[in-house]
Each structure stands twice: as C-alpha cells, then as structure tokens.
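# Structural overview
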Protein chains: 2
Amino acid sequence: MIEAELFRVLADPTRRALFERLVAREMSVSDLREGFSVSQPAISQHLAALRAAGLVEERREGRFAYYRANPEALAPLVNWVDTYSTFWPKRIERLKDLLRRMDQ
Amino acid sequence: MIEAELFRVLADPTRRALFERLVAREMSVSDLREGFSVSQPAISQHLAALRAAGLVEERREGRFAYYRANPEALAPLVNWVDTYSTFWPKRIERLKDLLRRMDQ
DNA sequence: ACAAGATATAAGTGTCAGCTTATATGTTGT
DNA sequence: ACAACATATAAGCTGACACTTATATCTTGT
C-alpha cells in the first residue's frame, strides 16, 4: 500500500512536471516558476507535497531554496508497475534503447 | 503527456484495487463487489473509468458483465517510470544486469 | 408475461484538492 | 535600520470527483 501516496502525489500534472524538471537539474523555486502559469504559492505548495512523499529534497542557501529530485523515492511505484506490467518483451526492448541513449 | 490519464485513473485506491484483482482473473461485477464497502453503482462507475483508460476490458454474457485487466495499457506509465527511475544510478546497474542475463 | 436479477445511467450531495490573494518569515544589500 | 527579495503559510473559494439513492435497461427462469 506504500505506493498509494506516490500515485496520489503524482496524479497532479503540475506536480509531475515539477518533478520531471527537477530530475534534470537542481533548481530554485523562482527558476521553477518559469514555464508555469500558476502562482508562486501554488508552486511552493506542490513542492511541499512532493517533499512529503520524498520525491524531492530541499537545500537552503540564504533566502533561496534549491530543490532536486530524488528518483529513488519512486521505488514503490516501480515495484507496483513491475508487478502488473506482464508484457515484458516490448519493455525489454524499450529499456535497451533507453540505456543506449543514456550511455552517450 | 499520454501517461496523464493513467495517473489520474490509478490515483484512486478503489480503482487500483479493482484493477489489481482483475489482473489475477476475470470477474463479474458482482464478484468484484465482494470485499468492497461501496455500492454497486460505484463499482460500475470505477469500471467505466478504468475501461475508458483501456486498463480493463469487458465481455458480456447474458446479464453478466465480465471484466479483465489489460496490463498492456500500462505502457505509458511504465515508460514514464522507466524514464525517471533510470536516473536512479543503482537501478541502471540493476537493469543492465537484467538485460545482460536476458541476452543469453 | 412477469418477477427477479445483473448492470448501467441519472441526478444530487459532500468532501477535498488545487488555486487565489494576503501576509508572515527570513535574508541580502545599501 | 530598512527596503527589496525569496519563499512559506494562512485563509477562503471553486470545481472536480467519488459517493449515494433512484431508476432504466436488458436477461433469465418460471
């Protein structure tokens, strides 16, 4: 049942987009605001939700707050998906492609 | 963006539980009702949502409706999870090992 | 034909999540 | 010290959604 919070938190598109951007690189709240049409408090609230789920971590530096993704927190979701995605062959091919792309 | 509907539909715990039971085996709506505290219409509504997302399929037989899971519909979710959990270094190694073993 | 059964749809309701504006808290530079 | 800045928190509003009961639709057995 541990995946419940992850599903709930990641169900929101804005929150998913924030997480995705933070996987690429660490960013401040102001950085994150760019490209989103919501207010700064909304961003902060989403970050708090992601943080409560362990999906992002915060590093404070003066008046700035830098956030970065913690993909390991996806583990329960990965487990769930692995359990129920029984169509392995295609998935293996996709994983190979993915790893090839990342090796460069 | 294709994973959006999957996240939304699977965010509901009751719906996830229904899907999980239907992965194990095909069941009628009445069968599914057992173990849940919600009404029959609620079950039907959840099944309709799962069906719209392609996560379950229906087979009619007389006055019965038999549902079964279609795990392949998880593909976009699997893809998303793989994309972002691959940034988890240990998972990369695990996946590489897995693929090496499967190449033989 | 009709009653009982299985499921779906309709309509209404309450709750909650995400949004907003306003404000608080803490920090930096002058 | 104070103004500007970066972020967080508070409070209130609104829409979406999961639920309910009531009813419709279709099927089966007598």
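Throughout, a residue's number is its position along its own chain's written sequence, starting from 1. Ligands are numbered from 1 and chains lettered from A, in the order in which they are written. This being a predicted model, a pLDDT of at least 70 is required before a residue's local features are given, and a value of 80 or more before pairs of side-chain atoms are given or counted; all residues contribute to the totals for chains, interfaces and linings. Note: side-chain values were computed over all heavy atoms of the structure, leaving out hydrogens and water.

Strands here are runs of E lasting at least two residues and helices are runs of H or I lasting at least four, both read from the DSSP assignment and numbered beginning at the N terminus. When its secondary structure is counted, chain A shows 6 helices and 3 strands. Secondary structure elements of chain A, listed N to C terminal, follow the sequence α-α-β-α-α-β-β-α-α. In terms of overall dimensions, chain A has a C-alpha envelope of 50 × 35 × 25 Å along the principal axes. Relative to its full complement of 104 residues, chain A shows a buried share of 43%. Note on contacts: a residue pair is in contact if any heavy atoms of the two residues lie within 4.5 Å. If you take every contact in chain A between residues at least 6 apart in sequence, the share linking residues at least 24 apart comes to 50%. When accessible area is computed with a 1.4 Å probe and restricted to protein chains, residues below 20% of their type maximum are described as buried, those above 50% as exposed, and intermediate ones as partly exposed.

Our next topic: the nonpolar core. Counting 54 residues, the largest nonpolar core has Phe19 and Leu55 of chain A together with Leu55 of chain B as the members making the most contacts within it. In this structure, Leu55 of chain A is in contact with Leu6, Val9, Leu10, Phe19, Leu50, Arg68, Ala69, Asn70, Ala73 and Leu74 of chain A, ignoring residues within four places of it in sequence. To form a nonpolar core, buried Ala, Val, Leu, Ile, Met, Phe, Trp, Tyr and Cys residues must be joined to one another through side-chain atoms within 4.5 Å. By size, the runner-up hydrophobic cluster in this structure holds 6 residues, among which are Ile92 and Leu99 of chain A together with Leu95 and Leu99 of chain B.

Turning to the sheet that holds strand β1 (residues 27-28) of chain A, a few remarks are in order. Residue and element names in this part refer to chain A. For two strands to be treated as a pair, DSSP must find no fewer than two bridges joining them. Taken in spatial order, the 3 strands make up an open sheet running β1-β3-β2, and their pairing is antiparallel. Of all strands in the sheet, those bounded by a partner on one side alone are β1 and β2 (56-61). Across 2 bridges, β1 lies against strand β3 (residues 64-69) in antiparallel orientation. Within the sheet, the bridge partner assigned to Ser28 lies in β3 and is Tyr66. The axes are straight lines fitted to the C-alpha atoms, using for helices just the contacting stretch, and the angles between their N-to-C directions are given from 0 to 180°. Sheet strands touched by helix α2 (residues 13-24): β1, β2 and β3. Its angle to β3, the strand with the most contacts, is close to 90°. Where helix α4 (residues 40-52) meets the sheet, its contacts fall on β2 and β3, and the angle it forms with β2 comes to roughly 120°.

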